[in-house]
Amino acid sequence: PEAIFVHQNIANQVKEGDASMESALHFAVEELQIKRIVVCGHYHCSGVKKALLEFEKEDDLSGKPFYSWINEIKYLAYRHWESIREMPDQETRLQYLIELNVLEQAEKLRSSGIFEHNPNIEIFPWVFDPHRNCVLDLSYKYQSIRALAI
């Protein structure tokens, strides 16, 4: 690539009305004319971990500034709780929720209005594993999830 343009926030949230995200996306697509977008989460993400702990009632975040920011991740955990609760340990549940979050944010990005005029932009959902120093491409999961409509 000629350049890499990065936008990040807590837990990679794509939220309608987030002026920072919408401005960065518009600038990247319309001005820089990017053709590929990577939504890259990472294992051990503190934002997703806090949402999972709050969902499981092991942590109380009410009144803290980012509480509303991670609320959608709690709802994602709720929607997939049947699968999550069957997992053998907290670390596995967290990794699974992180992957689900990346897939969900990639889909929300794809559903945003800017793609109506730019339908050929590719979105790549990835997760970085800092312990193994590698990236996991979730594209194969993304295609099946899109078919099922998270």
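Please read these numbers as outputs of a predicted model, since none were measured by experiment. (Residues numbered from 1 in each chain as written. Predicted model: local features only at pLDDT ≥ 70, side-chain atom pairs only at ≥ 80, totals over all residues. Heavy atoms only, no water.)

(A) Summary view of the pairing of strand 3 (residues 134-137). Alignment of strand 2 (residues 122-129) against strand 3, held across four bridges, turns out to be antiparallel. Within strand 3, the residue paired with Val 127 across the bridge is Leu 136. Connecting strand 2 to the next strand, strand 3, in antiparallel fashion are four residues, including Asn 133 with a positive phi near 55 degrees. (Pairing = 2+ DSSP bridges. Helix = DSSP H or I, 4+ residues; strand = E, 2+ residues; numbered from the N terminus.)

(B) Region of the structure containing unusual backbone geometry. The phi torsion at Asn 12 lies on the positive side, around 55 degrees, for a residue other than glycine. Here Asn 12 shows up in the segment before helix 1 (19-31). Phi at Asn 133 is positive, roughly 55 degrees, even though this residue is not glycine. Mapped onto the fold, Asn 133 is located in the loop between strand 2 and strand 3. Here Asn 133 falls in the exposed class, since its relative accessible area comes to 62%. (Buried < 20%, exposed > 50% of the residue type's maximum accessible area, 1.4 Å probe, protein only.)

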